[in-house]
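Here are the chains, one letter per residue:
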Protein chains: 2
Amino acid sequence: MSGKTEARVLKGFRDSLPKESIARARMLQTIVSVFENYGFSPIDTPALEYTSTLLGSGSGETDKQLFRFMQGKRDVAMRFDLTIPLARYVASNFSKLSFPFRRYHIAPVWRGENPQRGRFREFIQCDLDIIGSSSPLTDAEVMLAISSALDALKLGHLMRVNSRKVSNGWFKELGLSEKSALVLRELDKLEKVGRDKVRQDLIDKVQTSQEEVDRIFELIDCQGQSNKETLEKLSSLSQNHPDIQLGVEELGQHLRLCGELGLDENLIEIDLSIARGLDYYTGIVFETDLKEDSIKEGLGSIASGGRYDNLVSRFSSQELPGVGASIGLDRILAALGESGRISGQESSTKVLIFNMGGDISHYALGIVSELRKAGINSEIFTESSKLAGQFKYAEKKGIPFVLFAGEKEQNANTFSIKNITTGEQMDDLSRTSLVEKVRSTIS
Amino acid sequence: MSGKTEARVLKGFRDSLPKESIARARMLQTIVSVFENYGFSPIDTPALEYTSTLLGSGSGETDKQLFRFMQGKRDVAMRFDLTIPLARYVASNFSKLSFPFRRYHIAPVWRGENPQRGRFREFIQCDLDIIGSSSPLTDAEVMLAISSALDALKLGHLMRVNSRKVSNGWFKELGLSEKSALVLRELDKLEKVGRDKVRQDLIDKVQTSQEEVDRIFELIDCQGQSNKETLEKLSSLSQNHPDIQLGVEELGQHLRLCGELGLDENLIEIDLSIARGLDYYTGIVFETDLKEDSIKEGLGSIASGGRYDNLVSRFSSQELPGVGASIGLDRILAALGESGRISGQESSTKVLIFNMGGDISHYALGIVSELRKAGINSEIFTESSKLAGQFKYAEKKGIPFVLFAGEKEQNANTFSIKNITTGEQMDDLSRTSLVEKVRSTIS
């Protein structure tokens, strides 16, 4: 062919090498097991939706980040999250679903945001939600499922929880209801930019007065040394404010239910600065940090969610409350990768049958077929390369065994095998003892 | 919110309900196991590529079907297959890969074609390829891996194989080299529209003469009752035509290697009308039909592939031969679904803890947590509905056990459990015997 096409990947997108793909697949497998352990079932939705379905439902920011185009006469866009498609899905398939509807959805989403550490324009979300229940138990179930999944991934973590009722109630008290989304967006940056910057931005960007800012921080300052202390401070702040009291009770009940379902109390902490960027949350909201300093630095929340009581009503006359959360798997993977914590292989092959030169014999082809049938992942080296090259191939791919089935072995009707890690070589093996040897080492 | 947004799914796209998603996930799990059993490793590539990467590489048809748009100043498109992205991937990541590079890639692709039975605008492809080897063994390996995957899915099948060298060689002989792509495209329709229509179209659309058509069908008529007979007829046809002889030898060798690797000879048949629509194939090509009449009707090929020796060279100065194949999982699923062959559950939950009214007790929450820790997928019914409604929920979701942990049970520190399928109820169970009972039934 004339004229090469440059092999370019789009900005913010990336290829996944075998090693990363294997690591990701293992993590997903773990997450799926835990989600199903908690009674959640998988679903899927299209990558493309009508733009009208997605627009104006997340935040102004996500609207701007849509990959949007005309498909014929249809105005369409790639999904930017799995929550809005879920609301649309529940409205579309209402009569076929069992409620409360516990579903998980693991799939890529696309956002045209500026790439930064661990954030890409295409990334996998691992979402789970319960739709059709306002029971506070469902908030706790979601929390537990996320925490258990992170435990199963051996990721020490801390879940920071708040109630939108507390913050929204307080802002209402201050006459700031209409600005509450804006105020929350600034408070969301507390950890990142610090208190002084947030105070200044509240004044400059949100046009709150100095006094209003002081009062906003009265709430933030209820933060105590323990959940108990925070709840006590909140209780006294919320005296005579029934709206806020509801939120405080919600927080207390949430902590209790999480405990009764088995969540270690050291894994959960009330954090009154937690707001969550998206506009649709109405009750409990949470974010999750990794505990390990070496990898959490600058990473941000790796799992977050909350209660959103009015989302499905956008598409349906049904009022279906919901609560859900999402694990940012790609962000976790990026962090683990950077800190050298992904130690997987680039292959799950256990035996490489060497090519001893010339046409590969019936004998060698027979044994690869037999190993595979015994459930042992096996490859045959198809090229007539030097043995050194074949060893290198096995080492690079992390294949533990190489097998010789040349003329000598064929004449004796035996096999030789070498354990690449230990260097141990075993000769004169029968078919049966070969399979046994490999199986006992790899299992 | 005012004004409902209609909950619409785009034409040619669809939602996947839990039952279908579970069935798909199980099938994918099976396919992945087999692909890894054959030594293939997973990779991933972006859903979006530069349009220049995708354009003009499949066929004129796929060019027209691209979901293409401007992302800022970039002309981008959603991938329409996984083969062109693989060629780009190999060029982009050449130094990081081990060759021969055995990879599988299971991911959605998008084509703006008119939806028809089992065909959608978004569908999952299960591809496996070996890049960097011209060994005929790799063609056989790909064939075997596909056949084994279909076996593991319990899908009786027949693989119909041809060599492009045979057909291209013959067309060259007839002076039709420049029209060969067009001729092949018409021949590809043989099974669908019949011999007379193809003859007419070759004359009308491809402007071949009556005599040329006769000679084209001389090749097609080499089709014998057995592979042996077909090879014999081909041998005599190709006497004095070394190009074609190469192809005939290739076919013979392919059949022999497939046999030595363990493929049942009844599963593979030379079919000289197999052409494959895409232009890039150069050697062995194949398609696969389901054997069972009740589901194969009108379904077309469910797995196909072949050798393409010049694909990576589009992006790289490297000449990397390749061979690969793809399983049309969504087409299979659609066919199985239509014939009522998907019998899965809509949940993998094993125990539903009933809500006995009032606040759910510490006791009930404790046992759900304990069952989960024992690896038994469990749910707690979060709503205070009537028991009849809770039973219905369990039945609809296919949950085998419901568990009672009410006041009576709590006072006795025991549990009652009912097997929904058999109707058998067991009372006064201790924690240990409860876990044992459930485990022995579900495993």
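Cut-offs applied
- Along each chain, numbering runs from 1 in the same order as the chain's sequence is written.
- Written order determines the labels here, with chains lettered from A and ligands numbered from 1.
- The predicted origin of the model limits local features to residues at a pLDDT of at least 70 and limits the giving and counting of side-chain atom pairs to 80 or more, whereas totals for whole chains, interfaces and linings rest on all residues.
- In computing side-chain properties, one takes all heavy atoms of the structure into account and sets aside hydrogens as well as water.
- Numbering of helices and strands runs from the N terminus; a helix is a DSSP stretch of H or I covering at least four residues, while a strand is a stretch of E covering at least two.
- Accessible surface is estimated by sampling points in the Shrake-Rupley manner with a 1.4 Å probe; for residues, cover comes only from the protein chains shown.
- In this count, Lys and Arg are taken as positive residues and Asp and Glu as negative ones, while His and the chain termini are left out.
- Where a charge sits is defined by one atom per residue type, namely NZ (Lys), CZ (Arg), CG (Asp) or CD (Glu).
- Contacts are assigned to residue pairs that have any heavy atoms within 4.5 Å of one another.
- The quantity reported as buried area is the accessible area (1.4 Å probe) lost by two parts once they are put together, taken as the sum for both.
- By definition here, a salt bridge exists when the distance from a side-chain nitrogen of Lys or Arg to a carboxyl oxygen of Asp or Glu is within 4 Å.
- What qualifies as a polar contact is a pair of N or O atoms within 3.5 Å, subject to a donor-acceptor requirement within protein and to the restriction that residues adjacent in sequence count only when both atoms come from side chains.
- Note on residue categories: nonpolar means Ala, Val, Leu, Ile, Met, Phe, Trp, Tyr, Cys or Pro, charged means Asp, Glu, Lys or Arg, and polar means any other residue, Gly included.
- Here the axes come from fitting lines to C-alpha atoms, over the contacting stretch only for helices, and the angles between their N-to-C directions go from 0 to 180 degrees.
- Any angle between 65 and 115 degrees counts as roughly perpendicular, while under 35 counts as roughly parallel, over 145 as roughly antiparallel, and the rest as oblique.
- In this scheme, a crossing is called left-handed if the near helix is turned counterclockwise away from the far one by less than a right angle; it is called right-handed if the turn is clockwise.
- Only strands joined by at least two bridges in the DSSP assignment are considered to pair.
- Note on classification: 1.4 Å probe, protein chains only; a residue is buried when its accessible area is under 20% of the maximum for its type, exposed when over 50%, partly exposed between these limits.

1. Some remarks on the overall build of chain A
Then step 1. Summing up its helical and strand segments, chain A has 18 helices and 16 strands in all.
Then step 2. Expressed as lengths along the three principal axes of its C-alpha atoms, the size of chain A is roughly 95 × 55 × 50 Å.
Then step 3. Carbon together with sulfur atoms contributes 47% to the accessible area of chain A, which is approximately 18000 Å² in total.
Then step 4. For chain A, the separation between the mean place of its 56 positive charges and that of its 62 negative charges on side chains is 5 Å.

2. Remarks on the interface of chain B and chain A
Then step 1. Listed as interface residues are 98 residues of chain B and, on the opposing side, 97 residues of chain A.
Then step 2. A combined buried area of about 8200 Å² lies between chain B and chain A, and 55% of that area is made up of carbon and sulfur atoms.
Then step 3. Run the count over chain B and chain A and you get six salt bridges.
Then step 4. In this structure, E141 of chain A and R372 of chain B form a salt bridge, with 2.7 Å as the shortest nitrogen-oxygen distance.
Then step 5. Where chain B packs against chain A, one counts 46 residue pairs in polar contact (both at pLDDT 80 or more).
Then step 6. Residue composition of the side of chain B that touches chain A, by class: 37 nonpolar, 36 polar and 25 charged.

3. Section: the packing of helix α7 (residues 180-187) of chain B against helix α9 (residues 195-204) of chain B
Any two packed helices are characterised by how steeply their axes cross, that is the angle between the axes, and by the distance between the axes.
All names here are of chain B.
Then step 1. With their axes 9 Å apart at the nearest point, α7 and α9 run at an angle of 155° to one another. Overall, the two elements α7 and α9 adopt an arrangement that is roughly antiparallel. Classified by chirality, the crossing of α9 by α7 is right-handed. Residue-level contacts link V183, E186 and L187 of α7 to V198, D201 and L202 of α9.
Then step 2. The residue inventory of the contact of α7 with α9, partitioned by class, reads four nonpolar, no polar and two charged.

4. Some details on the sheet that holds strand β16 (residues 425-429) of chain B
Residue and element names in this part refer to chain B.
Then step 1. Strands sit in the order β13-β12-β14-β15-β16 across an open sheet of five strands; the sheet is mixed. Single-partner strands in this sheet number two, and they are β13 (378-380) and β16. Put simply, the sheet's adjacent strands are angled 20° from each other on average, direction ignored.
Then step 2. Of the strand pairs in this sheet, strand β14 (residues 401-404) and strand β15 (residues 415-419) are connected by four bridges, and their pairing is antiparallel.

5. Some points on unusual backbone geometry
Then step 1. Of the consecutive residues F99 of chain A and P100 of chain A, the connecting peptide bond is found in the cis state with omega at -5°.
Then step 2. With respect to the element layout, P100 of chain A can be found in the loop between α4 (83-92) and β5 (101-110).
Then step 3. Positive phi outside glycine occurs at Q207 of chain B, with the angle close to 55°.
Then step 4. Structurally, the position occupied by Q207 of chain B is in the loop between α9 and α10 (210-220).
Then step 5. Look at Q207 of chain B and you get exposed, because its relative accessible area is 56%.
Then step 6. For N240 of chain B, which is not glycine, the phi dihedral falls at a positive 70°.
Then step 7. By secondary structure assignment, the location of N240 of chain B is in the loop between α11 (227-237) and α12 (242-260).

6. Details of the packing of helix α6 (residues 164-173) of chain A against helix α7 (residues 180-187) of chain A
Residue and element names in this part refer to chain A.
Then step 1. In contact at an axis separation of 10 Å, α6 and α7 are set at 120° when each is read in the N-to-C sense. Classified by the angle their axes make, α6 and α7 are oblique. The two elements α6 and α7 meet at a crossing, and its hand is right-handed. Judged by residue contacts, R164, S167, N168 and F171 of α6 engage S180, V183, L184 and L187 from α7.
Then step 2. Across the contact of α6 with α7, the residue classes break down as four nonpolar, three polar and one charged.

None of this, on its own, says anything about what the molecule does.
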